[in-house]
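So the chains spell out like this:
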Amino acid sequence: MATPFPVVTASGTHYECGYQHGEQAKDLVKRNIDYYYGWWSRNLKMDRDAVNQRADSVIRVTKEYAPGLVEEMRGVADAVDVGFEEIASINGRYELAWANPEQLMGGCTCIAALPSVTSGNKTILAQNWDYRVGVRDTCIALKVKVDTGPEVIMHTEAGIIGHKGMNSEGVGLGINAMVCDLDRLGESVPFLLVCRKVLGSGRFSEAVRSFLNAKRSVSYNVMIAGEGVAVDLEAHPADTSIINPYGGILVHTNHFIGDRSFKVRDNFVKAEPSSINRYVVALEKLKSSSGHTVESFKEVLTDHYDHPTSICYHTTPGHEPDHQEETVSSVIMVPEDRLFMVTNGPPCINKYHRIPFSAP
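Quick look at the structure, then.

The rules behind the values
Residues numbered from 1 in each chain as written. Predicted model: local features only at pLDDT ≥ 70, side-chain atom pairs only at ≥ 80, totals over all residues. Heavy atoms only, no water. Helix = DSSP H or I, 4+ residues; strand = E, 2+ residues; numbered from the N terminus. Rg over C-alpha atoms; globule rule 2.2 N^0.38 Å. Buried < 20%, exposed > 50% of the residue type's maximum accessible area, 1.4 Å probe, protein only. Areas by Shrake-Rupley, 256 points an atom, 1.4 Å probe, with all protein chains shown as cover. Lys, Arg positive; Asp, Glu negative; His and termini not counted. Charge placed at Lys NZ, Arg CZ, Asp CG, Glu CD. Expected span 1.5 Å × (residues − 1). Axes fitted to C-alpha atoms, helices over the stretch in contact; angles between N-to-C directions. Parallel < 35°, antiparallel > 145°, perpendicular 65-115°, else oblique. Contact = heavy atoms within 4.5 Å. Nonpolar A, V, L, I, M, F, W, Y, C, P; charged D, E, K, R; others polar. Salt bridge = Lys/Arg side-chain N within 4 Å of Asp/Glu carboxyl O. Pairing = 2+ DSSP bridges.

As for the overall build of the protein chain
Argument step 1. On a plain count of helices and strands, the protein chain comes out with eleven helices and 14 strands.
Argument step 2. Radius of gyration (C-alpha) of the protein chain: 19 Å, near the 21 Å computed for a compact globule of 360 residues.
Argument step 3. Dimensions of the protein chain, computed from the C-alpha atoms along their principal axes, are close to 50 × 45 × 35 Å.
Argument step 4. Of all 360 residues assigned to the protein chain, the portion counted as buried reaches 62%.
Argument step 5. Per element, the accessible surface of the protein chain, about 13600 Å² overall, is 50% carbon and sulfur.
Argument step 6. Distance between charge centroids for the protein chain: 2 Å, based on 35 positive and 44 negative side chains.

Given below as structure tokens:
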């Protein structure tokens, strides 16, 4: 079945992977750059020079954390024939939002179930990625294998080398935006590049280590799953809560629930209160069954309680175009089967498409 978005495949060194990525998705990368620079100008009052100046910090901090990712971004820039700073900037777009925290947006609901509560005795990890409608048509499925490392499959924005996904060793990753009063526009390894390093890990413990050791000045959350294991890591600038499954299930949305977050003030939930109902609905639906399947996960991900700000998130009438948000994609992963499925748009009206790993 043909996918409704391009599937970009790359292999070789980090630079070669970046170049192939840029070469195959050149027009989409340029459109993504134009979208973000336009959005930043309109909403953050940052012109191109101001954004590019910020990119110097992104490049420097990333080079200390994972120099190969810097070379991969450079490869994308060379293939697309755009400035290196422009590719670094879109890869650091999560942190750049703190130039004006009032403009933050993006929901997301992550869920997981361990083999003890699934009918096939396998782990299931899934996510609805709720984000700006304006990026939906510039997304790709990226299959990338760097040298002898695992192959990584992600649903990402063209030109952005890290996002939600799974690797050929069965390590899967879901993501959530978070905001607390400690967040600031400071030196921070871009969240999406942290995600890429996590997915480049050959073992589950390496993936966790990659996340915990990233320098950060902002909050964010990831849910990591492997064969028979899942954990949620809820991070803010001062600490990280380690949230384990309870009763074989795990849920996270966009508000703090971890035991190491009691001393921070949760700012995002004030603007995105749907995080609370999405969390409760997903948790109750998962608790109500002990034989979960991919199909039962689809039922959770298509839930419309509190529509339009539901688990299956839809645009809100009256919002300006720059602030229209929906479930841009829904992803379901089964580590044991190396299954990666993704929609283009809300899962209530769009089919899941399987993106297979390359043959060994």
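As for unusual backbone geometry
Argument step 1. The residue after histidine 307, namely proline 308, is reached through a cis peptide bond having omega 10 degrees.
Argument step 2. With respect to the element layout, proline 308 can be found in the loop between α11 (294–301) and β12 (325–334).
Argument step 3. Positive phi values are uncommon outside glycine, yet lysine 45 reaches one of about 55 degrees.
Argument step 4. Residue placement: lysine 45 occurs in the loop between α2 (26–44) and α3 (48–65).
Argument step 5. Note on lysine 45: relative accessible area 68%, which makes it exposed.
Argument step 6. Of note in the backbone geometry, aspartate 81 takes a positive phi value of approximately 65 degrees without being a glycine.

With respect to α2
Argument step 1. The end-to-end C-alpha distance of α2, which contains 19 residues, comes to 26 Å, matching closely the 27 Å that a straight helix rising 1.5 Å per residue would cover.
Argument step 2. Of the residues making up α2, those classed as buried are Leu28, Val29, Asn32, Ile33, Tyr35, Tyr36, Tyr37, Gly38, Trp39, Trp40, Asn43 and Leu44.
Argument step 3. After α2 finishes, the residue lysine 45 shows a positive phi value of roughly 55 degrees.

Structural notes on the packing of α3 against helix α5 (residues 84–91)
Argument step 1. Relative orientation of the contacting elements α3 and α5 amounts to 75 degrees, with a least axis distance of 8 Å. Our classification of the angle between α3 and α5 gives roughly perpendicular. Contact with α3, carried on its side by Arg48, Val51, Asn52, Ala55, Val58 and Ile59, involves Phe84, Glu85, Glu86, Ala88 and Ser89 of α5 and no other residues of that element.
Argument step 2. When grouped by side-chain class, the residues that make up the contact of α3 with α5 number six nonpolar, two polar and three charged.

With respect to the pattern of salt bridges
Argument step 1. Inspection of every chain in the model, using the stated rule, returns 17 salt bridges.
Argument step 2. Residues arginine 265 and aspartate 181 are paired through a salt bridge, measuring 3.5 Å at the closest nitrogen-oxygen approach. Taken together, the residues span a long stretch of sequence, with arginine 265 in the loop between β11 (249–252) and α9 (268–271) and aspartate 181 in the loop between β7 (172–177) and α7 (191–199) at a distance of 84 residues.
Argument step 3. Judged by relative accessible area, which is 49%, arginine 265 ranks as partly exposed.
Argument step 4. When its relative accessible area of 36% is taken as the criterion, aspartate 181 is described as partly exposed.
Argument step 5. Residues glutamate 295 and lysine 298 are paired through a salt bridge, measuring 3.2 Å at the closest nitrogen-oxygen approach. Of the two residues, glutamate 295 and lysine 298 both sit in helix α11, three residues apart, roughly one turn of that helix.

Brief notes about the pairing of strand β6 (residues 164–167)
Argument step 1. Where burial is concerned, the two faces of β6 agree: the one with Lys164 and Met166 and the one with Gly165 and Asn167 are both buried.
Argument step 2. Looking at chain direction, strand β5 (residues 151–157) and β6 are connected through four bridges and run antiparallel. When the bridges of β6 are listed, methionine 154 appears paired with glycine 165.
Argument step 3. The antiparallel pairing of β5 with β6 creates a hairpin that spans six residues between the two strands, and glycine 159 there sits at a positive phi of about 95 degrees.
Argument step 4. Where β6 meets β7, two bridges bridge the pair, whose relative direction is antiparallel.

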